[in-house]
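Structural features, examined
For reference, the chains in residue letters:
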Amino acid sequence: MGSSDAEDPAAAAPAPAPPRLTPLLPAGEPASAADTVAGFGLWERESTPPPRPRVLLNMVSSADGRATLAGRSGPLSSPADRELFHALRACSDAILVGAGTVRGERYGPTVPDPRRQELRRAHGLDPQPPACIVTASVRLDPAIPLLDSPESRVLVLTASEESLPPTRASVDYLRCAAGGNLDLAAAFARLAAEHGVQLLLCEGGPHLGAELLAAGLLDELYLAIAPKLLGTAAPQGADLRILAGAELEPPAEMELAAVLASDSHVFLRYVVVSAECVSRETTASSSLAR
């Protein structure tokens with residue numbers, strides 16, 4: 001005879017408390033990821049939309065600089081990192097991601113948690129921020145969970161005139177071409193003017209992060225450092241760092257705004273103080289052509 005849920009200790013056990021982040025710089029008391037993000041002022045909005053969104057890049061890295069293991073960032077993550085990931089998503093007007101990352105990570109709906117959806121509504125935001133996919137080829141499998149969900153809103157940022165096959169998601173196109181490539185600056189200006197996007201969260205991949213710097217469009221970097229040493233990846237070319245592409249000339253300069261810790265994971269918040277680090281010629285040959 002089967003036992004009831006009430007007799008099952010595992011079923012009766014309370015859910016574990018969300019991990020807390022301890023501020024090291026500036027020093028403070030441990031707090032949830034949601035309270036930490038609120039303390040950064042990321043829910044605040046201008047009464048008049050700015051010319052372009054404030055752009056954040058959220059990435060994870062091993063201690064020796066690797067951004068992926070077996071082609072994915074998930075193995076480098078931690079419970080605290082995932083809480084911060086979702087807290088950043090919850091307060092953003094839109095999520096920016098490259099097509100390669102959408103494919104590799106099998107992206108799903110941007111804010112699936114009903115509690116975070118209610119929090120967004122309380123701040124006057126739509127329950128699901130749109131996913132802005134940067135792609136040149138416009139080749140994405142409609143079975144990817146993000147595209148296969150009727151809850152998803154997707155904006156395709158591209159220079160191409162191609163379109164996706166029919167999907168269950170709501171899909172629109174923002175086509176901005178310059179010299180045959182996507183004009184990121186023009187696309188961001190349209191995101192602000194036409195879609196009211198003031199806070200844009202980029203989740204990579206590494207090529208797109210480098211392109212944001214090249215165009216002078218990156219404002220902050222959120223970097224989670226996992227206590228792992230991975231060594232050199234094989235085959236050659238799979239060993240991605242948080243930025244990929246040409247060496248930056250001159251290097252991008254940043255200021256450290258916050259340091260947090262949870263267990264042995266460290267979380268860094270940087271403000272970018274110099275940008276447009278690589279030439280227009282370098283940008284034209286980058287992954288926006290994929």
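Anything mentioned here points back to the structure above.
Here is a short report on the structure shown in this document. Being a predicted model, the structure only gives us computed values, none of them experimental. (Residues numbered from 1 in each chain as written. Predicted model: local features only at pLDDT ≥ 70, side-chain atom pairs only at ≥ 80, totals over all residues. Heavy atoms only, no water.)

1. Concerning the packing of aromatic side chains
Inclusion rule: Here a Phe, Tyr or Trp ring, Trp counted by its six-membered ring, pairs with any other such ring whose centre lies within 6.5 Å, and the pair is stacked when the planes are under 30 degrees apart, edge-to-face when over 60, and tilted otherwise. Put simply, DSSP H or I for four residues or longer makes a helix, DSSP E for two residues or longer makes a strand, and each gets a number counted from the N terminus. Burial classes follow relative accessibility: with a 1.4 Å probe on protein chains only, a residue under 20% of its type's maximum area counts as buried, one over 50% as exposed, and anything between as partly exposed. Distance and angle both matter: a charge sits over a ring if NZ of Lys or CZ of Arg is within 6 Å of the ring centre and within 35 degrees of the ring normal.
For the coordinates displayed, the defined rule picks out one aromatic pair. A ring pair is formed by Phe40 and Tyr222, whose centres lie 6.1 Å apart and whose planes are at 55°; its orientation type is tilted. Here Phe40 is found in the loop between helix H2 (33-39) and strand S2 (54-62), whereas its partner Tyr222 is found in strand S10 (residues 220-226), with 182 residues between them in sequence. Phe40 sits in the buried class, given a relative accessible area of 17%. Sitting above the plane of the Phe40 ring, Arg269 keeps its charged end 4.3 Å from the centroid.

2. Remarks on unusual backbone geometry
Put simply, Leu25 and Pro26 share a cis peptide bond, and its omega is -15°. Take Pro26: it is sitting in the loop between strand S1 (22-25) and H2. A cis geometry characterises the amide bond from Glu249 onward to Pro250, with omega recorded as -10°. Take Pro250: it is sitting in the loop between S10 and strand S11 (254-262). Unusually for a residue other than glycine, Arg106 sits at a positive phi of about 55°. Along the chain, Arg106 falls in the loop between helix H4 (99-105) and helix H5 (114-122). Owing to a relative accessible area of 41%, Arg106 belongs among the partly exposed residues under this scheme. You will see that Asp263, though not glycine, has its phi angle at about 55°, which is positive. Of note, Asp263 is situated in the loop between S11 and strand S12 (265-272).

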